[in-house]
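The lines below spell out each chain.
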Amino acid sequence: MQTSRQISATNPARRVGKRWWALVALSVAVLAVGVDLTVLNVALPTLARSLHASTSQLQWFVDSYSLVLAGLLLPAGLLADRYGRKRLLLVSLAVFAASSAGCAYAGSPVALIAIRAVLGGGASIIVTVSLSILAVLFPTDEERQKATAVIMGCTMLGYPLGPLLGGWLLNHFWWGSVFLINVPVAAVALVAIATLMPESRGASPSRLDGLGVVLSSLGLVGVTYGVIQAGQEGWSSIRAVAGLVIGAVALVSFVVSERRVTRHHRVPLVDLGLFRSARFTWGTVLATMVSFAMFGLLFAMPQYFQAVMGQDPLGSGIRLLPLIGGLVIGAALATRLQGARSRNHTTAATPAAPRMTANLVVAIGFAFMAGGLFLGATTKVASGTGWAVIWFVICGLGLGFSLPATMNAALGALSPERAGTGSGLIMACRQVGATIGVALLGNILNSEYRDRVNVAHLPASVAQVVRKGVATGMEAARQLGDAALGRSVRSAFVTSLDVMLCVCGAIAVGAMVLALFFLPRHQAVAPTPVSSAAPRLGTDIHD
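Residues numbered from 1 in each chain as written. Predicted model: local features only at pLDDT ≥ 70, side-chain atom pairs only at ≥ 80, totals over all residues. Heavy atoms only, no water.

Let's talk about the overall build of the chain
- Of regular secondary structure, the chain possesses 19 helices and 2 strands.
- Burial analysis of the chain (543 residues in total) assigns 56% to the buried set.
- Restricting to contacts in the chain with at least 6 residues of sequence separation, those with at least 24 account for 81%.
- Of the accessible surface of the chain, which amounts to about 21100 Å², a share of 67% is contributed by carbon and sulfur atoms. (Helix = DSSP H or I, 4+ residues; strand = E, 2+ residues; numbered from the N terminus. Buried < 20%, exposed > 50% of the residue type's maximum accessible area, 1.4 Å probe, protein only. Contact = heavy atoms within 4.5 Å. Areas by Shrake-Rupley, 256 points an atom, 1.4 Å probe, with all protein chains shown as cover.)

Below, the structure written as structure tokens:
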């Protein structure tokens, strides 16, 4: 059985060109998922008319995807380690393309909900396996930092690109085109991965931890469902409480089960010993805090552009692009700062010191994010696009500094043998963090808006519609021809947006402090399995 170090030395995938072309193929795959995550939001009004979908069914178009995506994150990593990461990635891309085509031709809301659930399963496997492959193909910190920046950049690019493509397609074609666009992208990724990427897997497949799979999936689905319902109905909702309680009980049971599996010297679904690594723990925590803070921005600013500034989805997507530009610049600067000062007279045992330590790079990133978010919190109704561009670029710089570096820290603690399950754990934490972030920050946004909008002169039924949200408020003002109501809705929403951005900025400040004091300054030279209780697997990588 080969060790990780022997594999790194002899594996043909280490050839520079081969590995970086494989990264290009992975980037196309995650870009397809990133676009799909946001393109549906643009199409919801059209779907409501074309499929005669109710409000509840519109919510399930989104929720069925999110729930399955969350539930399969950990099992996807295990299956990748067991049966081959390339093989599973190819299967998931095929499923993603086929289900995208199915969504395009769904004849009813029920059919679309079901196929969207399958689509979420394919997306879950793609994002988890793509991340695990980085830990195997790029064993050094400097290379993995660059690779992670590329993957994270492509994921984030999907957020403005989805509305851009969706808005253009809906203006020129029928609603199914927003799903059909995934098919050629997934097909390109499938061909590229099939021809460019080496296969990798655990060399000694372990017994499947079936109970762990069930409990982890139930826990993640329960928590995600509970948070989604809390965002829609309030935290006291029976559905929200039930989902959160079931999810919490399942996750606690999962931890107990995994400890028992480890004590019996079997391989668990998740190596809980990873959390004894400060690098993994704080890398994952800080990456989750990035998601928590930034998803609030990505949730609220499209509403600002469309409801307050009167932009269409296409214009809203264009105005998010400066965030991506800042991310690209920030990631390039951070990678350079974390590069080695000098490569002369260095060995594997004594690598060259980086220009700047990892914790300082991440802290600088969160400082940029906090500064940008606090600037954004001074937004006024008349601020316009120019002001948004300034603080978007600053937030993007922070995102480029912090997100690749925190993900790299967590990935660097994974051994190649368990890269799949470890990556699934990272993505599960980020998914839950993003979901909770949208729910909590959305609740702040909505409650502040409801408290501030002036509906005293309106009938109760109309006031209820206006207080529901900025989109319905502006629509009511338009239909009533009430300019004063429109001004009140805009002002109330912008004020609530400023409050929410202040909270996001405070989260970034807290993350900056945590990075400075708890994230390890230096990265490990060669990752090894953290938990010694479970048997060690080999890693088989071949063309």
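From this point on, the discussion continues.
Re the state of the cysteines
- Counted according to the given criterion, the structure contains 0 disulfides.
- Not engaged in a disulfide, the cysteine C395 finds its nearest cysteine sulfur in C504; these two sulfurs lie 9.0 Å apart. (Disulfide = S-S within 2.5 Å.)

Topic: a nonpolar patch on the surface
- Where nonpolar side chains cluster on the molecular surface, the patch consists of L360, F374, V509, V513, L516, F517 and F518 and spans about 610 Å² of accessible area.
- Examining the composition of the nonpolar patch, we find that 5 residues originate from one element, helix α19 (residues 483-518), more than from any other.
- Inspection of the secondary structure puts V509 in helix α19.
- Classification of V509 by relative accessible area gives partly exposed; the value is 31%. (Patch = residues over 30% accessible without salt bridge, like charges linked within 9 Å, V, L, I, M, F, W, Y side chains within 5 Å. Salt bridge = Lys/Arg side-chain N within 4 Å of Asp/Glu carboxyl O.)

Topic: the packing of aromatic side chains
- For the structure shown, the criterion picks out 8 aromatic pairs.
- On the basis of an interplanar angle of 20° and a centroid distance of 4.8 Å, the ring pair of W282 and F518 is categorised as stacked. On the criterion of sequence distance, the pair formed by W282 in helix α12 (residues 278-308) and F518 in helix α19 is long-range, its members being 236 residues apart.
- On the accessibility criterion, F518 (43% relative accessible area) is partly exposed.
- Three or more aromatic residues joined by ring pairs make a cluster, and in this case those are Y304, F305, W391 and F392. (Phe/Tyr/Trp six-rings, centres within 6.5 Å; stacked < 30°, edge-to-face > 60°.)

Let's talk about the nonpolar core
- If you look at the biggest cluster of nonpolar residues, it comprises 152 residues, and the most contacted ones within it are L47, F61 and L297.
- No other element matches α12, which puts 17 residues into this core.
- When sequence neighbours within four positions are dropped, the list of residues in contact with L297 reads P302, L323, L373, W391, F392, C395 and M500. (Core = buried A, V, L, I, M, F, W, Y, C linked by side-chain atoms within 4.5 Å.)

Looking at the confidence of the model for the chain
- When the pLDDT values of the chain are averaged, the result is 79; 85% of them are 70 or greater.
- Ranking the helices and strands of the chain by mean pLDDT puts helix α14 (residues 358-376) first, with 92, and helix α1 (residues 4-10) last, with 38.
- Across residues 1-14, where pLDDT falls below 50, the model places 27 contacts with residues more than four positions away in sequence or in other chains.
- Long-range and interchain partners of residues 524-542, a stretch whose pLDDT sits below 50, account for 67 contacts in this model, where long-range means more than four residues apart. (pLDDT = per-residue confidence, 0-100.)

Considering a positive patch on the surface
- Together, R259, R260, R263 and R276 give the surface a local cluster of positive charge.
- Assignment of secondary structure puts R263 in helix α11 (residues 238-263). (Lys, Arg positive; Asp, Glu negative; His and termini not counted. Charge placed at Lys NZ, Arg CZ, Asp CG, Glu CD.)

Some words on the pattern of salt bridges
- A complete count under the given rule lists 3 salt bridges for this structure.
- When the shortest N-O distance is used, the salt bridge between R478 and E475 registers 2.5 Å. Of this pair, R478 and E475 both sit in helix α18 (residues 470-480), 3 residues apart, roughly one helical turn.
- When its relative accessible area of 57% is taken as the criterion, R478 is described as exposed.

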